Amino acid sequence: MKIHIELIEDDNDEEIVIKTKDITKEIKDIQKFIQNRLKGVKRLVLYKGEEELYVPVENILFFETSEDSVYAHTKNDAYMVKHRLYELEKELPEYFMRVSKSTIINITKVMSIQKNLTSSSLVRFMNSVKEVYVSRMYYKELKLRLHERSYYE
Amino acid sequence: MNKKTNWLWGIVFIAVGVMIVLVPMLGLSINLMHMIWTVLLLLCVVSNIKYRNWFLIVMPLCLAVWINRSYLQIEDVLSFFPLMGAGVFVSIGLSIIFKDHSYRYNHIRYHRSGKHADYTKQSSHDESVINIDTALSGSAQYIHSQNLRLITAEVSLGSLQLYLQQAKLDPEGATIKLDVSLATLTLYIPKEWNTQVDVSSSLGGVDEGFHERDYNLPKLLITGEVALGNLEIIYI
């Protein structure tokens, strides 16, 4: 399959066209991948002290909330977000998923899930010491989404 | 009572009600009064494990054993007063080894004094005084306070990860008071912090990674006790 990119004039609409002889699983996967990449916000406005930052959402490992505030965590840092978790859930790309009452994670950054004797399981992220717990209610769906993760990468 | 305890008591009472009807219907040879008392005594035990009130854990167990002595076939082995006496001595011994924390009663007094709003406020991870209480579950907490003075963390029958990477200490210093029983607590602390660990452990472990601290920074004192559990301090 060849990949061909054509530059167009500014006043023309952008579109992606897939020319195929048959709609195979591969074609569906490509379509789903492109749809997921195009859907959802690309950058979020985050706050650290007096500073306002524009961070690509794919760099965010997870969002967590405590009492009054919502924080976005990257590998080594954390920033305040001026949205509620339920608002973020609607705006974020599909590779973000709620895993508890107070946490939304980026499933493309998940390294492992460790099942626990208590009611929640532990999620570890790639190249980070940060961890979050998945509540029992969301565990099955998370496992399913992780198996489908190739669509987002 | 919190929501979890309400559910537990509710379910138990419903189950006892159902048994009262089912036992005679099914012709089972169970003494209903024995069963009811045993359930109530076991509930008392379970609800006091968290607070480590050993008297209210051991004595109800002894009473439950006494009530069910015929089923346990120990009628000829133990009599009432020696069993209760043994329970008293065991309670005292356990209370000496593992100090009991009647936080339940302190907590009620705190509520009655009308400081409930402050207590709730202190639970926020942005404040200078933070209280964390974890039981029978796993939890990861990220502290964002920019003038941290005190964290009190109680963990029992579960695990807690506490991250302090984004926190800043009060210039006067800060303290983390721990109470870990039958649980695991992991602290993630910036490696340059001036951290001092003074934690006692009984049948538990304290693992502290190596770090070179900056003595010019405010001091963080980690104190408390670990019983039948583990405390791990990771410097990042």
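Everything here concerns the structure above.
Residues numbered from 1 in each chain as written. Chains lettered and ligands numbered in written order. Predicted model: local features only at pLDDT ≥ 70, side-chain atom pairs only at ≥ 80, totals over all residues. Heavy atoms only, no water.

## Notes on the pattern of salt bridges
Residues and elements named next belong to chain A.
Phase 1 of the analysis: The tally for this structure, following the rule as stated, stands at five salt bridges over all chains.
Phase 2 of the analysis: The partner of lysine 48 in a salt bridge is aspartate 77, and the shortest N-O contact between them spans 2.6 Å. Of the two residues, lysine 48 is situated in strand S1 (residues 43-48) and aspartate 77 in the loop between strand S4 (69-73) and strand S5 (78-81); the sequence distance between them amounts to 29 residues.
Phase 3 of the analysis: With a closest N to O distance of 2.9 Å, glutamate 131 and arginine 124 form a salt bridge. (Salt bridge = Lys/Arg side-chain N within 4 Å of Asp/Glu carboxyl O. Helix = DSSP H or I, 4+ residues; strand = E, 2+ residues; numbered from the N terminus.)

## Brief notes about the environment of leucine 178 of chain B
Residue and element names in this part refer to chain B.
Phase 1 of the analysis: Along the chain, leucine 178 falls in strand S5 (residues 174-181).
Phase 2 of the analysis: A C-alpha to C-alpha distance of 8.1 Å links leucine 178 and valine 199, two positions 21 residues apart in sequence.
Phase 3 of the analysis: The contact partners of leucine 178, leaving out residues within four places of it in the chain, are Ala153, Leu185, Val199, Ile222, Thr223, Gly224, Glu225 and Leu231. (Contact = heavy atoms within 4.5 Å.)

## A short note on the side chain of serine 128 of chain B
Phase 1 of the analysis: Inspection of the secondary structure assignment puts serine 128 of chain B in the loop between helix H7 (116-122) and strand S1 (129-135).
Phase 2 of the analysis: Once residues within four sequence positions are removed from consideration, serine 128 of chain B is found in contact with Ser145, Asn147, Leu148, Arg149 and Leu150 of chain B.

## Topic: the nonpolar core
Generally speaking, nonpolar side chains in soluble globular proteins are found buried as a group.
Phase 1 of the analysis: In this structure, Phe63, Leu88 and Ile105 of chain A are the most contacted members of the largest nonpolar core, which totals 36 residues.
Phase 2 of the analysis: Those residues in contact with isoleucine 105 of chain A that sit more than four places away from it in its chain are Leu61, Phe62, Tyr95, Phe96, Met97, Val99, Val110, Val123, Phe125, Val132 and Leu142 of chain A. (Core = buried A, V, L, I, M, F, W, Y, C linked by side-chain atoms within 4.5 Å. Buried < 20%, exposed > 50% of the residue type's maximum accessible area, 1.4 Å probe, protein only.)

## Concerning the packing of helix H2 (residues 32-49) of chain B against helix H3 (residues 55-67) of chain B
All names here are of chain B.
Phase 1 of the analysis: One can describe the packing of H2 onto H3 by two numbers: an axis separation of 8 Å at closest approach and a directional angle of 160°. Judged by the inter-axis angle, H2 sits roughly antiparallel to H3. Between H2 and H3 lies a crossing whose hand is left-handed. Taken together, the residues of H3 that come into contact with H2 (itself represented by His34, Trp37, Thr38, Leu41, Leu42, Cys44, Val45, Asn48 and Ile49) are Leu56, Ile57, Pro60, Leu61, Leu63, Ala64 and Ile67.
Phase 2 of the analysis: In terms of residue class, the contact of H2 with H3 is built from 13 nonpolar, three polar and no charged. (Axes fitted to C-alpha atoms, helices over the stretch in contact; angles between N-to-C directions. Parallel < 35°, antiparallel > 145°, perpendicular 65-115°, else oblique. Left-handed = near helix turned anticlockwise from the far one by under 90°. Nonpolar A, V, L, I, M, F, W, Y, C, P; charged D, E, K, R; others polar.)

## Regarding H2 of chain B
Phase 1 of the analysis: With 18 residues, H2 of chain B should cover 26 Å at 1.5 Å per step; its first-to-last C-alpha distance of 26 Å lies within 8% of that length.
Phase 2 of the analysis: Turning to H2 of chain B, its buried residues are Met35, Ile36, Thr38, Leu41, Leu43, Val45, Ser47 and Asn48 of chain B. (Expected span 1.5 Å × (residues − 1).)

## Examining the sheet that holds strand S9 (residues 120-125) of chain A
Residue and element names in this part refer to chain A.
Phase 1 of the analysis: Strand order in the open sheet formed by three strands is S8-S9-S10, and the pairing between neighbours is antiparallel. Whereas interior strands pair on both sides, the edge strands pair on one side only; in this sheet they are strand S8 (110-114) and strand S10 (131-135). Neighbour to neighbour, the strand axes of the sheet diverge by 30° on average, direction disregarded.
Phase 2 of the analysis: Sheet analysis places S8 next to S9, joined by four bridges and oriented antiparallel. (Pairing = 2+ DSSP bridges.)

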